[in-house]
Amino acid sequence: MQTMNFNVGTDRRGLVADVQNFKIGNDAKNWVQARQFEGEMRTVVVNVKEGTIPLNLTGTTIWFEGLMSDGKTRIIDAKHGTILSPSTGQFRFEFPYAAFATFGSYKQSFFKIVRDGKSIATLEFTLDVLVNLVEDGIVPLDYITPFQDLYAKLEAIYQNSDASIQALVVKWQQQITELITGLNADYASIQTTVNGLNEKLDVLSEKIKDSGLITTVEVNQLLEPFNEIIDSFNAYNGLGNPWVDDVNQSIISGLNNFTSTISSKENVVRILNIQDMHMTRSKEVNPAYVKGGNAVIKQIHALSIIKDHVDLVVSNGDNIDGSESKALNMHRNQQYVDTIHGVIDKKPLLLTIGNHDDGSVFADGDDVITLKDLTKIYSYSHYASGEHRPDDKSSYAYYDFNDARLRVISLSGFENPEVYNEDGTIKYKRATASVFTSKQLNWLVQALTLDKSWSVIIFNHAPYEGFYENSPYNYMENINHNVLKDILTGFMNGTKITSVGSNSDYPVNITADFTIQGKGTLITNVFGHEHRDADRVEINNIPAIERTCDIALTDDRIVGTVSEFAFDVIEIDTAKHTIKFNRFGSGSNVSWNY
């Protein structure tokens, strides 16, 4: 019998810097190896300490939870743990037969110590299942002990009932089986639910014992509470999704319902646009920013529910608020990058800079994060998933949907390579200046040089000069915006343009010839920055729309509810020339033909 030792007081792991390559480290002793189809032969004795003192296990139950190597099948076993010595922190666990159905290393495996329905400790370990090439074993299925017990009771009822009642019970059992794969409740809630179901099943069993006969009407009445529970659980999905552990249940239900509104047609491209998140932990800024900025991580966690329903994610600037110290602002950017990549996994991401991300709204000089440091944090090449950018230090990029013939471009209107005054202050702070460099604009010309059968949509954090009057930020100094707009006009009209900038620190002189490819299709430009939903406009035939912030700032957006959110899944059908901004949370949908 194997012995495992855990110390819940000293096992402290640091923040994860590399989410994609994250691997849990374990003590060599806390490693379980078994052979496929061994049955309940693998037993371990576990000793738990808190620092130097044994963890008191009085009144606790032991759960084993695991996600198998296939990444789909889950084991949740609250039945096979036995407390051997509460005062010395020792228990025994006999792994169920179902735990060894699939060979390979578990994606995650741990014991959970539960007291009064709440987890007081989790003990992570490695579980490897060796292949058995000789025997033909069981098919891997979700194994959740509270429901396994219910099934045993249902089987007894089934055997003692007439055919019509059997059919009703079988139907209900099938519904329970279906909801397990979509369940996302905490396990204390599961146990509470199971307790209620057990009481009702006991009533049903006693009826059969006492009279030997029960009517179909009575069965329906007894099963009515079960059906209500099934309906409430149908709002959940993704059992084993760790990202939503800290997300309010009403938000989880709302997002699950929202996924059904996202188009699933093959010819539709779905782009999740998040902008103006303003993540912060500062307590010294505007109280609204403290409230909303502190909730951003949970917002990103919640996006895990819809990530498989979108094709691309755009993070359109002001990812953090920048209201903390330089060190904390750098940490906050790293936290944002790690979290969003962890949540969306290998989904392509177009992430750009806003005017808040470097901290220049609140600081200057050496206290501001440089472009070099920002792009290093963004780690574009490390996280690359098909995005096209000129180099790893460029905060602008595009992503192509070849079948739909759609190019999604993310510009960086706050790239602003540093120029310093003699006193060490920054001459063109991102807080007050938006710069398009010659390098970025020449790259844009190349990005727009494509067959006329293609369509283009462009994202930029702030409106271009002359759009929405840059209100309420009319103090913004816009550099080379005239050249940018000339390029877009030339692309749309299929003409040749020459455009020159007027700033000597960022000189631009560009000639672009779009005559060969003909008139281009620019669906729209998508802006944030001003924290409002504004009607779509056309300025000199250049189309644009402004969408609001994701941070919950106003009184009608309540943190912990669906109203906290305000993001769009942009659905584009290039065959039918339609676009829809499908809004989740505060605000409303917008759609049109282009």
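So, on to the confidence of the model for the protein. In this model, the protein carries a mean pLDDT of 85, and residues with pLDDT of at least 70 account for 77%. Taken together, the stretch residues 181-186 has pLDDT below 50 and engages in 24 contacts with residues farther than four places along the chain or on a different chain.

This part covers the pairing of strand 12 (residues 126-130). When strand 2 (residues 31-35) meets strand 12, the two strands line up parallel, connected through five bridges. Across the sheet, residue W31 finds its bridge partner in strand 12, namely T126. In the sheet, strand 9 (residues 104-105) pairs with strand 12 via two bridges, with the strands oriented antiparallel. By the bridge assignment for strand 12, G104 is matched with V129.

Before going further, it helps to examine the environment of S105. Following the sequence through the fold, S105 ends up in strand 9. Judged by relative accessible area, S105 falls into the partly exposed class, the value being 42%. Along the backbone, S105 and L127 are 22 residues apart, and their C-alpha atoms lie at a distance of 5.9 Å.

All right, on to the sheet that holds strand 16 (residues 349-351) then. The mixed open sheet is built from six strands, whose spatial order is 16-15-14-27-28-29. The sheet is open, and its two borders are formed by strand 16 and strand 29 (590-593), each paired with just one other strand. Averaged over all pairs of adjacent strands, the angle between strand axes in this sheet comes to 15°, irrespective of strand direction. Across four bridges, strand 14 (residues 268-274) lies against strand 15 (residues 312-315) in parallel orientation. By the bridge assignment for strand 15, I274 is matched with S315. Sheet strands in contact with helix 5 (residues 249-259) are strand 27 (566-573) and strand 28 (578-585), and its direction is about 165° off that of strand 28. The strands touched by helix 8 (residues 326-344) are strand 14, strand 15 and strand 16; relative to strand 16, the strand with the most contacts, the crossing angle is about 160°.

What follows concerns the packing of helix 8 against helix 9 (residues 371-378). Between helix 8 and helix 9, the least distance of the axes is 9 Å, while the angle of their chain directions is 30°. In terms of orientation, helix 8 and helix 9 fall into the roughly parallel class. Helix 9 is crossed by helix 8, and the crossing has right-handed handedness. Contact residues: helix 8 offers M330, N333, Q334 and V337, while helix 9 offers D373, L374, I377 and Y378. Grouping the amino acids of the contact of helix 8 with helix 9 by side-chain chemistry returns five nonpolar, two polar and one charged.

For the rest of this paragraph, the subject is the nonpolar core. In this structure, I271, I409, I457 and I487 are the most contacted members of the largest nonpolar core, which totals 55 residues. Ignoring sequence-local partners within four residues, the contact set of I487 consists of L441, L444, V445, L448, I497, I510 and F514. Counting 43 residues, the second-largest nonpolar core is a separate cluster that includes L255, A302, Y336 and L374.

With that settled, the discussion passes to the side chain of N273. Note on placement: N273 falls in strand 14. Classification of N273 as buried rests on a relative accessible area of 2%. Engagement of the side chain of N273 in a polar contact is seen with the side chain of Q275, the distance being 3.2 Å. Setting aside residues no more than four positions away along its own chain, N273 makes contact with V314, N316, F459, V526, D550, F567, D568 and I570.

Let us now look at the pattern of salt bridges. Tallying each qualifying case throughout the model produces 16 salt bridges. A salt bridge links D505 to K427; its shortest N-O distance comes to 2.9 Å. Here the residue D505 occupies a position in the loop between strand 22 (496-500) and strand 23 (509-513), and K427 occupies one in the loop between strand 18 (406-410) and strand 19 (433-435), the gap between them amounting to 78 residues. Taking the relative accessible area as the measure of exposure, D505 reaches 29% and is therefore partly exposed. A salt bridge links D533 to R547; its shortest N-O distance comes to 3.7 Å. Residue D533 is found in the loop between strand 24 (521-527) and strand 25 (534-539), and its partner R547 is found in the loop between strand 26 (542-546) and strand 27; the two are separated by 14 residues along the sequence. The exposure class assigned to D533 is partly exposed, which follows from its relative accessible area of 35%. On the accessibility criterion, R547 (3% relative accessible area) is buried. Ionic contacts of the salt-bridge type, sharing partners, join the residues D533, R547, D568 and R583 into one network.

Let us now look at unusual backbone geometry. Although it is not a glycine, D276 sits at a positive phi angle of roughly 55°. Note that D276 resides in the loop between strand 14 and helix 6 (287-293). Here D276 falls in the buried class, since its relative accessible area comes to 0%. In the Ramachandran plot, D345 falls in the positive-phi region, its phi being about 60° despite a non-glycine side chain. Owing to a relative accessible area of 39%, D345 belongs among the partly exposed residues under this scheme.

About the thresholds
- Residues numbered from 1 in each chain as written.
- Predicted model: local features only at pLDDT ≥ 70, side-chain atom pairs only at ≥ 80, totals over all residues.
- Heavy atoms only, no water.
- pLDDT = per-residue confidence, 0-100.
- Contact = heavy atoms within 4.5 Å.
- Pairing = 2+ DSSP bridges.
- Helix = DSSP H or I, 4+ residues; strand = E, 2+ residues; numbered from the N terminus.
- Buried < 20%, exposed > 50% of the residue type's maximum accessible area, 1.4 Å probe, protein only.
- Axes fitted to C-alpha atoms, helices over the stretch in contact; angles between N-to-C directions.
- Parallel < 35°, antiparallel > 145°, perpendicular 65-115°, else oblique.
- Left-handed = near helix turned anticlockwise from the far one by under 90°.
- Nonpolar A, V, L, I, M, F, W, Y, C, P; charged D, E, K, R; others polar.
- Core = buried A, V, L, I, M, F, W, Y, C linked by side-chain atoms within 4.5 Å.
- Polar contact = N/O pair within 3.5 Å; in protein donor to acceptor, adjacent residues only side chain to side chain.
- Salt bridge = Lys/Arg side-chain N within 4 Å of Asp/Glu carboxyl O.

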